[in-house]
Amino acid sequence: LLFQGDLKSGLAMGLWGLLIGSAIAGIYVSLTTSLPPAEAGPDNPAVAVLSVLAATVSTAVVAAGGTPATAVDHVLLAFSLATLLTGAVLYAIGAMKLGQVVRFVPYPVIAGFLAASGWFLLTGGIEVMTGKDFSLFDLAGSISIEALPKVLIAAIFAAAVYFAKAKTGSTYILPVAFVGGSLVLDLILRSQGLMHDQSNWY
């Protein structure tokens with residue numbers, strides 16, 4: 001979602017940063033938190049906001065004559081600065097014991113933020129699957145016949161995970177679904193001879 005279009009070349013570096021950052025933050029928070037159930041890791045609404053930041057920064061860099069590689073460097077720097085600034089603000093709020101001010105954020109503001117984040121994640125997922133910009137007003141142009149099976153599989157997968165989670169309440173549903181779904185999909189693609197890059201299934 002963050003590294004598409006001109007930023008495709010930065011996917012490996014971005015994924016590496018995500019995994020290492022998540023490991024370091026997770027270990028640090030688990031060892032130092034005063035709330036034992038607390039955990040640290042990537043958060044979906046944050047990814048939606050960062051996708052807007054990535055698009056804004058990369059567009060400005062490319063418009064100024066920069067290369068995609070330069071755009072990737074600037075986007076990673078923007079992510080680092082945004083993380084540093086967010087951490088500093090949250091630390092200051094905690095140090096000054098101002099956490100209760102969150103109670104005064106109106107529900108419509110929070111609901112609007114979460115709704116917009118969900119929309120970004122939904123449309124971004126479709127764009128990653130289809131390789132095209134998604135428009136609600138041009139579904140036929142956004143989702144080609146060739147990409148339709150991918151979108152349908154994703155919708156079926158999401159619905160299955162949702163209902164399995166609602167039915168069982170187990171925290172293991174998501175990891176089991178990802179691993180199991182990947183294995184099943186790989187077996188199907190292998191049986192159909194589609195286990196190559198040119199098939200555009202990966």
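Analysis parameters
Residues numbered from 1 in each chain as written. Predicted model: local features only at pLDDT ≥ 70, side-chain atom pairs only at ≥ 80, totals over all residues. Heavy atoms only, no water. Core = buried A, V, L, I, M, F, W, Y, C linked by side-chain atoms within 4.5 Å. Buried < 20%, exposed > 50% of the residue type's maximum accessible area, 1.4 Å probe, protein only. Helix = DSSP H or I, 4+ residues; strand = E, 2+ residues; numbered from the N terminus. Contact = heavy atoms within 4.5 Å. pLDDT = per-residue confidence, 0-100. Expected span 1.5 Å × (residues − 1). Arc of directions from axis to C-beta. Axes fitted to C-alpha atoms, helices over the stretch in contact; angles between N-to-C directions. Parallel < 35°, antiparallel > 145°, perpendicular 65-115°, else oblique. Left-handed = near helix turned anticlockwise from the far one by under 90°. Phe/Tyr/Trp six-rings, centres within 6.5 Å; stacked < 30°, edge-to-face > 60°.

Looking at the nonpolar core
- Counting 11 residues, the largest nonpolar core consists of Leu-2, Phe-3, Leu-7, Ala-54, Val-57, Val-61, Ala-71, Val-72, Val-75, Ala-78 and Phe-79.
- Of all the elements in the fold, those that place two or more residues in this core are α2 (44-63) and α3 (68-95).
- Broken down by element, the residue count for this core peaks at five residues, all from α3.
- Leu-7 has contacts with Leu-2, Ala-54, Ser-58, Ala-71, Val-72 and Val-75, leaving out every residue within four places of it along the chain.

Side note on the confidence of the model for the protein
- A residue-level look at the protein finds 98% of positions with pLDDT of 70 or above and a mean pLDDT of 86.
- Ranking the helices and strands of the protein by mean pLDDT puts α3 first, with 92, and helix α5 (residues 139-142) last, with 74.

Things to note about helix α7 (residues 173-191)
- Over its 19 residues, α7 extends 26 Å from the first C-alpha to the last, a length consistent with the 27 Å expected when each residue adds 1.5 Å.
- For α7, the full list of buried residues reads Ile-173, Ala-177 and Leu-189. Seen end-on, α7 carries its buried residues on one side only, within an arc spanning 105°. Exposed and oriented more than 90 degrees from the buried face of α7 are Val-176, Val-179, Leu-183, Leu-187 and Arg-190.
- Here the buried face of α7 lies against α6 (148-168).
- Positioned one or two residues after α7, Gly-193 has a phi angle of 70°, which is positive.

Focus: the packing of α2 against helix α4 (residues 107-130)
- Here α2 crosses α4 at 70°, and the two axes come no closer than 9 Å. The angle between α2 and α4 falls in the class roughly perpendicular. Relative to α4, the crossing made by α2 is left-handed. In contact with Asn-44, Pro-45, Val-47, Ala-48, Val-49 and Val-52 of α2, α4 contributes Phe-113, Leu-114, Ser-117, Phe-120 and Leu-121.

Regarding the packing of aromatic side chains
- As enumerated under the stated definition, the model contains four aromatic pairs in all.
- Summarising the aromatic geometry, the rings of Phe-157 and Phe-178 are spaced 5.7 Å apart at their centres and angled 35° between planes, so their arrangement reads as tilted. Here Phe-178 lies in helix α7 and Phe-157 lies in helix α6, a separation of 21 residues in the sequence.
- On the basis of relative accessibility, which here comes to 49%, the residue Phe-178 falls in the partly exposed class.

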